[in-house]
Amino acid sequence: MSAMKNSVFSQKIYSFLLAAYRWYLQTPERSLDEAYNAALKIQEIEDKHFNGNKIDIDSAMYSNSVMDYFESDLNKLLKIARMRLTELRASRWFLNEENQKAAQKAGIEYLSPSLVLEKLNFIDQVISKYTTNSDQITSQALVVQPPNLPVNSVIYEDKSLLVNTPTVPPKIATQDLGKKPQIKRKTDTMGILPRSLLSTITRLQVELDPNSEQEVIQSFRQTQRRTIISIRFILLLIIVPLLTHQIAKAFVVGPIIDRVRSSEQMQIFLNSEMEEEALLELQRFEEKLKFENLIIKAPAMSSEQIENEMGDKAIELAKEFRHESSNAIKNIFADLFSVGTFIWLLLVSRSSIAVLKDFIDNIVYGLSDSAKAFIIILFTDIFVGFHSPHGWEVLLEGVSRHWGLPANRDFIFLFIATFPVILDTIFKYWIFRFLNRISPSAVATYRNMNE
């Protein structure tokens, strides 16, 4: 009977591997078809709604909601087409003559080279319209670029008042290695009139400008779109890995681990700590039975009954800890799937990362000096403060239990003795090197509050 089950199981594995190999051999053609279909959908939107022209986000033909809808469809289709083209190049690089012969034996027919080139030319024609503008739609138009003006420029100050958003300090231009940096004297930055008077005059000019209202509206739309993209990207970074962990654990890793560990001869405990915990619980149960046997006036339990109760409890603990051991193994592989998904999201969402960085910069630089100092003190006290070793200890023990590893006290104490110190050193260097240059008043407030 067992041999028959093994043969059936081996046939299922063979059919699954054969289907996976056929799927691998069909990857180039499948990737090309999906990229081609995405390009066709883009062309269909252009023909139906933009008279065959390029999908222009700044077009005045439709309202903002409609253009946002078209923009999301366009970005999704462009992402699909580019990812599938990348998949096509990678799969063609791995395929060789042996794989082509195997595909012929399996009855897989590839497209003719002329048809492949025709589809690729069509895809390039459609995507080339958006190669220069797609990044501007998502990142350059949403990321506030500092103007090419000096730090003390009056126009830069008034633009920040016009946009009504907190100004981000301009980036410091890097000097060429061969050129010596020019040292500005204090007299070079002084003007004939006070800067406050010039800024007031410039602000009045901006307020009297008839196009100022359109600029304010455009700036507000960019800020609103940047906020929506940033919040959506943060939610994706949180929700997608969590869903991947649960789905992989329940439907991918779980059935395999349960099948492998279904035998009763498999090891119950993954480490000695689990075994000690089970023995302590069994000992407490025995002491509880003896205590109840002494205080209850009912007929006392015999030694055989106590042994039977102990045997039932031992079987129950074995099932419980076998399930906990299997769950720890599932967590390891499910966490690998989650990390892979998180890295994949970061790789395919570079424009969203740029928008998120600009969104965080606007929030951070918009805080007052007291709020910045409060946040700095809060995070330093949590991670490198006096009570932080207890938190790190609980965190490391939880991670060890999550993966079914024994909590090595020597490693935990060594980690607590070194890692928070390294974090504190990096943080103090960051304050000295960068924050002191960007916001000296926040550093002064931090020192006063810390003292």
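Rules and cut-offs
- Residues numbered from 1 in each chain as written.
- Predicted model: local features only at pLDDT ≥ 70, side-chain atom pairs only at ≥ 80, totals over all residues.
- Heavy atoms only, no water.
- Helix = DSSP H or I, 4+ residues; strand = E, 2+ residues; numbered from the N terminus.
- Buried < 20%, exposed > 50% of the residue type's maximum accessible area, 1.4 Å probe, protein only.
- Polar contact = N/O pair within 3.5 Å; in protein donor to acceptor, adjacent residues only side chain to side chain.
- Contact = heavy atoms within 4.5 Å.
- Expected span 1.5 Å × (residues − 1).
- Patch = residues over 30% accessible without salt bridge, like charges linked within 9 Å, V, L, I, M, F, W, Y side chains within 5 Å.
- Areas by Shrake-Rupley, 256 points an atom, 1.4 Å probe, with all protein chains shown as cover.
- Salt bridge = Lys/Arg side-chain N within 4 Å of Asp/Glu carboxyl O.
- Lys, Arg positive; Asp, Glu negative; His and termini not counted.
- Charge placed at Lys NZ, Arg CZ, Asp CG, Glu CD.
- Phe/Tyr/Trp six-rings, centres within 6.5 Å; stacked < 30°, edge-to-face > 60°.
- Lys NZ or Arg CZ within 6 Å of the ring centre and 35° of its normal.
- Bend = angle between axes of the 7 residues up to and from the residue.
- pLDDT = per-residue confidence, 0-100.
- Core = buried A, V, L, I, M, F, W, Y, C linked by side-chain atoms within 4.5 Å.

Peer 1: Can you walk me through the overall build of the protein chain in this structure?
Peer 2: Broken down by element type, the protein chain carries 16 helices and zero strands. Out of the 451 residues belonging to the protein chain, those deemed buried represent 27%.

Peer 1: How should I be thinking about the side chain of Glu46 in this particular structure?
Peer 2: Position of Glu46 relative to the elements: it lies in helix 2 (residues 27-49). Residue classification places Glu46 among the buried positions, given a relative accessible area of 1%. Among the polar contacts listed, one links the side chain of Glu46 to the side chain of Tyr130, at a separation of 2.4 Å. If sequence neighbours within four positions are ignored, Glu46 has contacts with Asn51, Gly52, Asn53, Lys54, Ile55, Lys129 and Tyr130.

Peer 1: Before we go on, may I ask you to explain the side chain of Lys313 in this structure?
Peer 2: Within the element layout of this structure, Lys313 appears in helix 11 (residues 303-348). Overall, the relative accessible area of 16% leaves Lys313 in the buried class. Dropping the residues within four chain positions of it, Lys313 is found in contact with Glu281, Leu282 and Phe285.

Peer 1: I'm lost on helix 15 (residues 409-438) in this one. Help?
Peer 2: An α-helical turn contains 3.6 residues, so any two residues separated by three or four positions project in the same direction. Over its 30 residues, helix 15 extends 42 Å from the first C-alpha to the last, a length consistent with the 44 Å expected when each residue adds 1.5 Å. Those residues of helix 15 that sit buried are Ile412, Ile416, Pro420, Phe427, Ile431 and Leu435. Sitting at the amino-terminal end of helix 15 is Asn408, which places a side-chain oxygen 3.2 Å from the backbone nitrogen of Asp410.

Peer 1: How do you make sense of a negative patch on the surface when you look at a structure like this?
Peer 2: Among the surface-exposed residues, Glu309, Asp312, Glu316 and Glu320 lie close enough to one another that they form a single negatively charged patch. You can see Asp312 is positioned in helix 11.

Peer 1: In this structure, what is going on with the packing of aromatic side chains? I would like to understand it.
Peer 2: The geometry of an aromatic ring pair is captured by the separation of the ring centres together with the interplanar angle, meaning the angle of the planes. Enumeration according to the criterion identifies 10 aromatic pairs in this entry. Between Trp392 and Phe419 the ring centres are 5.4 Å apart and the planes differ by 85°, which places this aromatic pair in the edge-to-face class. Within this pair, whereas Trp392 is found in helix 14 (residues 388-402), its partner Phe419 is found in helix 15, the two being separated by 27 residues in sequence. On the basis of an interplanar angle of 35° and a centroid distance of 5.8 Å, the ring pair of Phe427 and Trp430 is categorised as tilted. Of this pair, Phe427 and Trp430 both sit in helix 15, separated by three residues, roughly a single helical turn. By relative accessible area, which is 36% here, Trp430 ends up partly exposed. Among the aromatic side chains, those forming a connected cluster through ring pairs are Phe379, Phe383, Trp392, Phe411, Phe415 and Phe419. The side chain of Lys119 reaches across the aromatic face of Tyr36, ending 5.1 Å from its centre.

Peer 1: Explanation requested: the pattern of salt bridges in the structure shown.
Peer 2: Under the criterion given, the structure shown has 16 salt bridges. One salt bridge connects Glu324 with Arg401, and the closest N-O pair in it is separated by 3.2 Å. Of this pair, Glu324 sits in helix 11 while Arg401 sits in helix 14, and the two are 77 residues apart along the sequence. The network of salt bridges with common partners includes Glu34, Arg84 and Glu87.

Peer 1: Looking at this model, I keep getting lost on helix 9 (residues 212-260). Mind explaining?
Peer 2: Compared with an ideal rise of 1.5 Å per residue, which puts 49 residues at 72 Å, helix 9 spans 69 Å between its outermost C-alpha atoms and is within 8% of the ideal. The largest bend in helix 9 amounts to roughly 50° and is located at Val253, with the proline Pro255 lying one to four residues further along.

Peer 1: Can you help me understand the environment of Asp424 in this one?
Peer 2: Its place among the elements puts Asp424 in helix 15. The class of Asp424 is partly exposed, set by a relative accessible area of 23%. Sequence separation between Asp424 and Val384 is 40 residues; the distance between their C-alpha atoms is 6.1 Å.

Peer 1: Before we go on, may I ask you to explain the confidence of the model for the protein chain in this structure?
Peer 2: Low-confidence regions, as indicated by low pLDDT, have predicted coordinates that should not be scrutinised in detail. Per-residue confidence for the protein chain gives a mean pLDDT of 76, with 75% of residues at or over 70. Confidence, read as mean pLDDT per element, is least for helix 7 (residues 154-163) in the protein chain (37) and greatest for helix 11 (89). In this model residues 133-181 is a low-confidence stretch, pLDDT under 50, and it forms 64 contacts with partners more than four residues away in sequence or in other chains. Below pLDDT 50 for its whole length, residues 183-189 participates in zero contacts with residues either more than four positions away or in separate chains.

Peer 1: What is the right way to look at the environment of Met67 in this model?
Peer 2: When you line up the elements, Met67 lands in helix 3 (residues 64-94). Along the primary structure Met67 and Ile55 are separated by 12 residues, whereas in three dimensions their C-alpha atoms are 9.1 Å apart.

Peer 1: Before we go on, may I ask you to explain the nonpolar core in this structure?
Peer 2: One recurring pattern in soluble globular proteins: nonpolar side chains tend to sit buried together. Residues Ile42, Ile55 and Ile123 are the most contacted members of the largest nonpolar core, which totals 21 residues. Residue contributions to this core peak at eight residues, all from helix 3. Setting aside residues up to four positions removed in sequence, Ile123 forms contacts with Leu32, Ala35, Tyr36, Ala39 and Leu85. Ranked by size, the runner-up nonpolar core spans 10 residues in total, among them Phe269, Phe285, Met310 and Phe321.

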